[in-house]
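Structure at a glance
Below are the chains, spelled out letter by letter.
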Amino acid sequence: MAVGLERPQTKAPPTAAPATQEAAASKTILLRVFRHSPSVADDAPRIVTYRVPRTRGMTVLDALLWVKENVDPGLAFRYSCRMGICGSCGMLINGKPELGCETQVADLGTDAIEVAPLVHFPVVRDVATDFTDFFSHHRRVMPYLIHRGNGDLAPVERELRQSEEQKLEYYQFTMCIMCGLCDAACPIVGMDKLYAGPQALAQAYRFAVDSRDEGWRERIDVVDDPHGCWRCELAGSCSAVCPKGVDPALGIQLLKRMVLRRRMRRT
Ligand code: FES
C-alpha cells in the first residue's frame with residue numbers, strides 16, 4: 001500500500017532541541033514541522049523542531065496550536081472544528097495522512113512527531129495546502145441529487161421515499177468530510193493530475209446508486225473516462241486512511257460495475 005508517502009527530506013535547521021530520551025523524561029514532545037513558503041523568495045523547505053510541553057489528551061493539532069501561540073505565530077496550518085467534522089486539518093503525521101485534531105500524541109507511541117503537508121496537494125505555506133484541484137474534481141462529478149421531478153404532483157406525492165435497503169446502498173459514502181486524506185494516500189493521484197481521485201469517484205457512486213437520483217447521463221462523462229474510475233488500480237490506500245470509515249476503493253469498483261452494466265444494457 002502506498003500510505004505514508006513522505007515529503008522530500010530536508011535538512012534540519014540549527015534549532016535547539018534535546019535528544020528524544022531527554023524530551024520524554026521532561027514530559028515534552030519534539031515536534032518536527034515542515035516549513036516553507038513558496039511565495040517567498042529563497043525560503044527553502046526545511047524541518048524546524050519545537051519542544052512542546054505534553055499535556056493529557058493532547059492531539060497533534062493541539063501541539064501545533066501551542067507552537068503557534070507560544071513560539072511562532074507565523075506557523076501556518078489549517079483547522080476549524082477541532083472535532084473531526086470539518087475535514088480541514090489533514091496532514092502527514094509521521095509520514096501517514098491523518099487528521100491533526102483526531103490524532104492523539106499518546107497514541108503515536110513516540111515523543112518525536114513529524115508533521116508535513118499532505119502529499120499531492122500544492123503547499124500554500126508550511127502545513128497548509130491548496131485544495132483547488134481537489135474541489136474542482138469533486139464538483140465535476142455533480143455531488144448532489146439530480147431529479148427531474150414532476151411538477152404536476154402535489155408536494156406529498158413528490159416525496160421521494162426510500163427503503164432502508166436503498167439507503168444502505170450509499171449511506172457510508174455520506175460520511176465523507178472531504179479532508180483529502182484518501183487523495184493524499186492514492187498513488188495514482190500522485191501520477192495523474194487529471195485523475196478524478198478516490199474522493200470524487202466515491203461521491204459519484206454515492207449519488208449514482210441513490211434511488212432518487214436521475215443524473216447518470218450527466219455524470220457518465222467524468223466517471224467513464226481514462227482519468228475516471230478506470231484509472232484506479234485498487235491499491236486500497238484511500239480506504240485504509242479514511243478517518244470516517246468510508247471505503248472509496250469499494251465505491252470505485254462498484255462504479256466500474258455500474259458503468260459496465262449500463263454499457264451492456266445499451267448493446
Ligand atoms: S479541525 Fe475539523 S476535522 Fe480537524
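Above this text you will find the structure in question.
One structure accompanies this document, and this report is about it.

Definitions and cut-offs
Residues numbered from 1 in each chain as written. Predicted model: local features only at pLDDT ≥ 70, side-chain atom pairs only at ≥ 80, totals over all residues. Heavy atoms only, no water. 1 Å grid on protein atoms, 1.4 Å probe; cavity = no way out; pocket = protein on both sides within 12 Å on 5 of 7 lines; lining within 4 Å. Points joined across faces, edges and corners; volume = space filled by probe spheres on them. Helix = DSSP H or I, 4+ residues; strand = E, 2+ residues; numbered from the N terminus. Nonpolar A, V, L, I, M, F, W, Y, C, P; charged D, E, K, R; others polar. Domains from an automatic or database assignment. Axes fitted to C-alpha atoms, helices over the stretch in contact; angles between N-to-C directions. Parallel < 35°, antiparallel > 145°, perpendicular 65-115°, else oblique. Left-handed = near helix turned anticlockwise from the far one by under 90°. Contact = heavy atoms within 4.5 Å. Core = buried A, V, L, I, M, F, W, Y, C linked by side-chain atoms within 4.5 Å. Buried < 20%, exposed > 50% of the residue type's maximum accessible area, 1.4 Å probe, protein only. Polar contact = N/O pair within 3.5 Å; in protein donor to acceptor, adjacent residues only side chain to side chain. Patch = residues over 30% accessible without salt bridge, like charges linked within 9 Å, V, L, I, M, F, W, Y side chains within 5 Å. Areas by Shrake-Rupley, 256 points an atom, 1.4 Å probe, with all protein chains shown as cover. Salt bridge = Lys/Arg side-chain N within 4 Å of Asp/Glu carboxyl O.

The subject of this paragraph is the layout of surface pockets. A probe matching the size of a water molecule, rolled over the atoms, marks out where space remains unfilled. Reported here for the largest pocket is a volume of approximately 180 Å³. For the lining of the largest pocket, the elements supplying multiple residues, two or more each, are helix H4 (132-140) and helix H8 (187-191). Of the residues forming the lining of the largest pocket, the biggest block, 3 residues, is contributed by H4. Residue composition of the lining of the largest pocket, by class: 5 nonpolar, 3 polar and 5 charged. When residues of the lining of the largest pocket are sorted by domain, at least three fall in each of domain 1 (20-129) and domain 2 (132-266).

This part is about the packing of H4 against helix H9 (residues 197-208). Across the interface, H4 lies against H9 with an axial gap of 8 Å and an inter-helix angle of 20°. The angle between H4 and H9 places the two elements in the roughly parallel class. The chirality of how H4 crosses H9 is right-handed. Of the residues in H9, those touching H4 at Phe134, His137 and His138 are Gln199, Ala200 and Gln203. Class assignment of the residues belonging to the contact of H4 with H9 gives a composition of 2 nonpolar, 4 polar and no charged.

Residues Leu31, Val52, Leu64, Met91, Ile113 and Val115 are the most contacted members of the largest nonpolar core, which totals 40 residues. Elements that contribute at least two residues to this core include exactly strand S1 (28-35), strand S2 (46-53), helix H2 (60-70), strand S3 (90-93), strand S5 (112-116) and helix H7 (181-185). Per element, the largest residue contribution to this core is 6 residues, and it comes from H2. Per-domain counts for this core show at least three residues from each of domain 1 (20-129) and domain 2 (132-266). Those residues in contact with methionine 91 that sit more than four places away from it in its chain are Val60, Leu64, Lys96, Pro97, Glu98, Gly100, Val115, Ala116, Leu118, Val127 and Leu181. Counting 27 residues, the second largest nonpolar core, distinct from the first, contains Tyr170, Tyr195, Ile220 and Ile252.

Following the sequence through the fold, tyrosine 50 ends up in strand S2. Classification of tyrosine 50 as buried rests on a relative accessible area of 8%. Along the backbone, tyrosine 50 and leucine 30 are 20 residues apart, and their C-alpha atoms lie at a distance of 5.7 Å. Residues in contact with tyrosine 50, not counting those within four places in the same chain, are Ile29, Leu30, Leu31, Val33, Arg35, Val67, Val71 and Asp72. In this structure the side chain of tyrosine 50 is engaged in a polar contact, spanning 2.6 Å, whose partner is the side chain of arginine 35.

Scanning the model with the defined rule gives 3 cavities of 30 Å³ or more in all. Quantified by volume, the largest cavity comes out at close to 130 Å³. Forming the walls of the largest cavity are 16 residues, and the residues nearest its centre are Cys176, Cys182, Gln199, Cys242 and Pro248. Broken down by secondary-structure element, the contributors of at least two residues to the lining of the largest cavity are H7 and H9. In terms of residue count, the dominant contributor to the lining of the largest cavity is H9 (4 residues). In terms of residue class, the lining of the largest cavity is built from 12 nonpolar, 3 polar and 1 charged.

Let's shift gears to a nonpolar patch on the surface. Residues Leu168, Tyr171 and Met175 make up a contiguous nonpolar surface patch of roughly 280 Å² in combined accessible area. For methionine 175, a relative accessible area of 33% translates into the label partly exposed.

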